[in-house]
Amino acid sequence: MTKTFKTLDDFLGTHFIYTYDNGWEYEWYAKNDHTVDYRIHGGMVAGRWVKDQEANIVMLVPGIYKVAWTEPTGTDVALDFVPNEKKLNGTIFFPRWVQEHPEITVTYQNDHIDLMEVSREKYETYPKLVVPEFAHITYIGDAGQNNEDVISEAPYPELPADIRAGKYFDENYKRIHN
Ligand SMILES: C=Cc1ccc(O)cc1
């Protein structure tokens, strides 16, 4: 996709795959002006996926977007997207317990919100693990807002490549079921 991003509306409804310089691969969808969905394909919590996370999403200047949210795990995230340059900068602030027990968070979080809330009280918060990284965007898709097909199943190893190869969504950005 060779769209040029200028307005906030250009950004909302966009689906991205990107790889951080530390090798962590993430897939993220600007579902609407206050909601994000994502899947994690590589890194400390690979296999985790989340829908309907509330987030603050703004345009800083034309074509540059800031997104920030706090999760039920206690993890905080701040992302700055520069999609016209195919790059972003992300900072993830992990509570200590996620670093020590990542396996608890590697799931479809929406079915386990109680477990995240219990775990964040049961285990240590500090010192936090701060991960600031640039990322290279490897895929940009125009999914439209509130498209429940974008992030709709658990991550599997070939998924990012299937999406990039055009094998995963049809012409209406609906998932092609295997
Ligand atoms: C912890 C979630 C998260 C989602 C997307 C991203 O780029 C970084 C962190």
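Treat the numbers as computed from the prediction; the structure is a model and nothing was measured.

**Re the environment of Ala68**
For Ala68, the location among the structural elements is in strand β6 (residues 64-70). Here Ala68 falls in the partly exposed class, since its relative accessible area comes to 30%. For Ala68, the residues in contact, after removing those within four places along its chain, are Ala55, Asn56, Val77 and Ala78.

**What about the pattern of salt bridges?**
Under the defined criterion, the tally for this structure stands at 14 salt bridges. Glu71 is the salt-bridge partner of Arg48, the closest N and O atoms lying 2.8 Å from each other. Linking Arg48 in the loop between β3 (35-40) and β4 (49-54) with Glu71 in the loop between β6 and β7 (76-82), this pair joins segments that are 23 residues apart in sequence. Look at Glu71 and you get buried, because its relative accessible area is 7%. Residue Asp76 is joined to Lys128 by a salt bridge in which the shortest nitrogen-to-oxygen separation is 3.8 Å.

**Some points on the sheet that holds strand β9 (residues 129-142)**
On the basis of which strands lie adjacent, the open sheet formed by 9 strands has the order β4-β3-β2-β1-β9-β8-β7-β6-β5 and antiparallel pairing. On the outer flanks of this sheet lie β4 and β5 (56-61), each paired with one strand and no other. Each strand axis lies, on average, 25 degrees off the axis of its neighbour in the sheet, ignoring direction. As judged from the 4 bridges shared by β3 and β4, these two strands associate in the antiparallel manner. Across the sheet, Tyr38 pairs through a bridge with Val50, a residue of β4.

Parameters and conventions
Residues numbered from 1 in each chain as written. Predicted model: local features only at pLDDT ≥ 70, side-chain atom pairs only at ≥ 80, totals over all residues. Heavy atoms only, no water. Helix = DSSP H or I, 4+ residues; strand = E, 2+ residues; numbered from the N terminus. Buried < 20%, exposed > 50% of the residue type's maximum accessible area, 1.4 Å probe, protein only. Contact = heavy atoms within 4.5 Å. Salt bridge = Lys/Arg side-chain N within 4 Å of Asp/Glu carboxyl O. Pairing = 2+ DSSP bridges. Axes fitted to C-alpha atoms, helices over the stretch in contact; angles between N-to-C directions.

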